[in-house]
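Spelled out, the chains give:
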Amino acid sequence: MRLTALTASVFALTLGVAAATSAEQQEMDQQQLTSKTQQTALVVKSAWSRELPPTAPVGAAFLSLSNHADQADRLLSAESSIAEVTELHAHVHEGDVMRMVKVDGIDIPAHSDLTLEPGGYHIMLINLHKPLVAGQSLPLTLHFERAGQVDVTVQIKSSDAGTSAAAPEMDHSQHNQH
């Protein structure tokens, strides 16, 4: 009789541990699924930069973001091994001059698209370690509030790609201070 009670106790303890382990595993699986869903809910497309003269100290990266999630996200920062400093920037109009300013983040509303483009939001690459040459690419890591880290390959296009003769004058004087 004692053996049966002992066996029943061991069996009950085993079931309790197995149930707890199963619940923990299900919770971990759900967390991983949520993380993957958040990352696929934010899609980065068409990342590009312009080629520059070999001595150019700064460049910019542009791209499109699609947020398919039910919640807004925010691009917090970016980094690239090709530049000493990587910053998020926007353009502001001051009279007839368009000036760039550093921003702390870029909001991407839920169920919307946002394009980082010349004359708007963009990613500045400051103190370039090597020239931006058409046909090559550069690595860029984006850090989002919800989607986390997203690695992107930025294609470098010829200097006339996406330019306009009607583009307003831009003030780059602030970048000598970096």
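Definitions and cut-offs
- Residues numbered from 1 in each chain as written.
- Predicted model: local features only at pLDDT ≥ 70, side-chain atom pairs only at ≥ 80, totals over all residues.
- Heavy atoms only, no water.
- Helix = DSSP H or I, 4+ residues; strand = E, 2+ residues; numbered from the N terminus.
- Buried < 20%, exposed > 50% of the residue type's maximum accessible area, 1.4 Å probe, protein only.
- Areas by Shrake-Rupley, 256 points an atom, 1.4 Å probe, with all protein chains shown as cover.
- Contact = heavy atoms within 4.5 Å.

Student: So what exactly am I meant to see when it comes to the overall build of the chain here?
Tutor: Regarding its fold elements, the chain presents one helix and 11 strands. Taken from the N to the C terminus, the helices and strands of the chain come in the order α-β-β-β-β-β-β-β-β-β-β-β. In the chain, buried positions account for 33% of the 178 residues. Here the chain has roughly 10900 Å² of accessible surface; of this, 53% comes from carbon and sulfur atoms.

Student: I tried to follow unusual backbone geometry on my own but got confused; where do I start?
Tutor: Glycine aside, residues mostly have negative phi angles, and peptide bonds mostly take the trans form. Positive phi, close to 50°, is recorded for S46, a residue that is not glycine. On the secondary structure map, S46 appears in strand β1 (residues 42-50). Looking at S46, the relative accessible area reads 56%, which means it is exposed. Positive phi, close to 60°, is recorded for N127, a residue that is not glycine. Mapped onto the fold, N127 is located in strand β8 (residues 122-128). Residue N127 is classed as partly exposed on the basis of its relative accessible area of 22%.

Student: Explanation requested: the environment of D104 in the structure shown.
Tutor: Here D104 shows up in the loop between β5 (97-102) and β6 (106-108). Residue classification places D104 among the exposed residues on the basis of a relative accessible area of 68%. Considering only alpha carbons, one finds D104 and L76, 28 residues apart in sequence, at a separation of 6.7 Å. Once residues lying within four places of it in the same chain are set aside, the contact partners of D104 are R74 and L76.

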